[in-house]
Amino acid sequence: MSRAEQILAGLGGSTNIVEIEACITRLRTALQDMSLVDEPTLKGAGAHGIMRAGSVLQVVVGPEADTIASEIEDLL
Amino acid sequence: MSRTAPAHVEVLSPVAGVRHDVSDVPDPVFAQGLVGPGAAITPHPGDQVAVAPIDGTLTKLHPHAYLIVSDLGPGVLVHLGIDTVHMHGAGFTMLAQEHSTVTAGTAIIRWDPGYVEETGRSAMCAVVVLDCPFPAVPLQPSGREIDMAQPLFKIDV
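The shown structure was predicted, so the numbers you read here are calculated from the model rather than taken from an experiment.

A closer look at the overall build of chain B
Then step 1. Within chain B, the regular secondary structure consists of 2 helices and 14 strands.
Then step 2. Principal axes of the C-alpha set define a box for chain B whose edges measure 60 × 30 × 25 Å.
Then step 3. Within chain B, the fraction of its 157 residues that count as buried is 43%.
Then step 4. Within chain B, residue pairs in contact and separated by at least 24 positions form 70% of the contacts whose partners lie at least 6 positions apart.

Below, the structure written as structure tokens:
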């Protein structure tokens, strides 16, 4: 499983993603259902930190964030 | 018997302004140190240049943020303003090439913190070391005026 696939699984799968974008070190994603987030899976995929704010989840993944975001978009 | 001095990287301020702790950044991901240890600066308004805080390779260059990876290992991220990704580059001019080699003090981005504030965002700049287990050792107290390219903090590597 690629890192993007692991992160997507940790975000609750493609049907849970409303929107995903990358800043320089983090993914910002709007989710349908925050309860489907699996933090251990995200941490296992190398997430340094996870921050929830309303329906938006930010996942700190490091400088590959833009690559990972585009790979996740390809999986949606 | 020889002893090797502990290696550290001195990180310069990319902008001129007032020094703050990274916990003061109005963004919880930076403030809680989830990206890494570091410092923050409230920049003075007006057209100005943000510079490289260390020697290294300009690994990532976005209009509002950049990452320089040192030959010694750590990467230092400079983030100009908060939520400035949503400005989509408006008000920022990139002066350097991604993947180029830079030295501390090299001009990277021209911008105006006053313009960022006019858009309703904080212009506070975060300077953080990625993937670093060690604390940033401040070289200036919080609240002190700091010049561009003046030592901001040091960090063990």
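Once the structure has been displayed, the description carries forward.
Digging into the nonpolar core
Then step 1. Ile 7 of chain A together with Val 11, Leu 77, Val 78, Cys 125, Val 127 and Val 128 of chain B are the most contacted members of the largest nonpolar core, which totals 69 residues.
Then step 2. Every residue in contact with Val 128 of chain B, bar those within four places of it in the chain, is listed here: Val 22, Phe 30, Val 35, Gly 36, Pro 37, Gly 38 and Leu 77 of chain B.

Observations regarding helix H3 (residues 65-75) of chain A
All names here are of chain A.
Then step 1. By the burial criterion, the buried members of H3 are Ala 65, Ile 68, Ala 69 and Ile 72. Angular distribution of buried residues about the axis of H3 spans 100 degrees; they occupy a single face of the element. The exposed set on the far side of H3, more than 90 degrees from its buried face, consists of Ser 70 and Asp 74.
Then step 2. Next to the buried residues of H3 lie helix H1 (3-10), strand S1 (17-22) and strand S2 (26-31).

A closer look at the interface of chain A and chain B
Then step 1. Across the contact, 11 residues belong to chain A and 15 residues belong to chain B.
Then step 2. Contributions of two or more residues to the side of chain A that touches chain B are made by strand S3 (49-53) and strand S4 (56-60) of chain A.
Then step 3. When grouped by side-chain class, the residues that make up the side of chain A that touches chain B number 5 nonpolar, 5 polar and 1 charged.

Things to note about the sheet that holds S1 of chain A
Residue and element names in this part refer to chain A.
Then step 1. Spatial ordering of the open sheet is given by S1-S2-S4-S3, a layout of 4 strands whose pairing is antiparallel. The sheet is open, and its two borders are formed by S1 and S3, each paired with just one other strand. Within this sheet the neighbouring strands show an average axis-to-axis angle of 20 degrees, counted without direction.
Then step 2. By the bridge criterion, 5 bridges tie S3 to S4 in an arrangement that is antiparallel. Within the sheet, the bridge partner assigned to Ala 53 lies in S4 and is Val 56.
Then step 3. Against the sheet, H3 engages S1 and S2, with an angle of about 150 degrees to S1.

Describing the packing of H1 of chain A against H3 of chain A
The description of two helices packed together rests on the angle between their axes and the distance between the axes.
Residue and element names in this part refer to chain A.
Then step 1. As a packed pair, H1 and H3 sit with axes 9 Å apart at the nearest point and diverge in direction by 70 degrees. When the axis of H1 is compared with that of H3, the two are roughly perpendicular. On H3, the residues touching Arg 3, Ala 4, Glu 5, Ile 7 and Leu 8 of H1 are Ile 68, Glu 71, Ile 72 and Leu 75.
Then step 2. Partitioning the contact of H1 with H3 into residue classes produces 6 nonpolar, no polar and 3 charged.

How each quantity is defined
- Residues numbered from 1 in each chain as written.
- Chains lettered and ligands numbered in written order.
- Predicted model: local features only at pLDDT ≥ 70, side-chain atom pairs only at ≥ 80, totals over all residues.
- Helix = DSSP H or I, 4+ residues; strand = E, 2+ residues; numbered from the N terminus.
- Buried ≥ 20, exposed ≤ 12 C-beta atoms within 10 Å, placed from the backbone.
- Contact = placed C-beta atoms within 7 Å.
- Core = buried A, V, L, I, M, F, W, Y, C linked by C-beta atoms within 7 Å.
- Arc of directions from axis to C-beta.
- Nonpolar A, V, L, I, M, F, W, Y, C, P; charged D, E, K, R; others polar.
- Pairing = 2+ DSSP bridges.
- Axes fitted to C-alpha atoms, helices over the stretch in contact; angles between N-to-C directions.
- Parallel < 35°, antiparallel > 145°, perpendicular 65-115°, else oblique.

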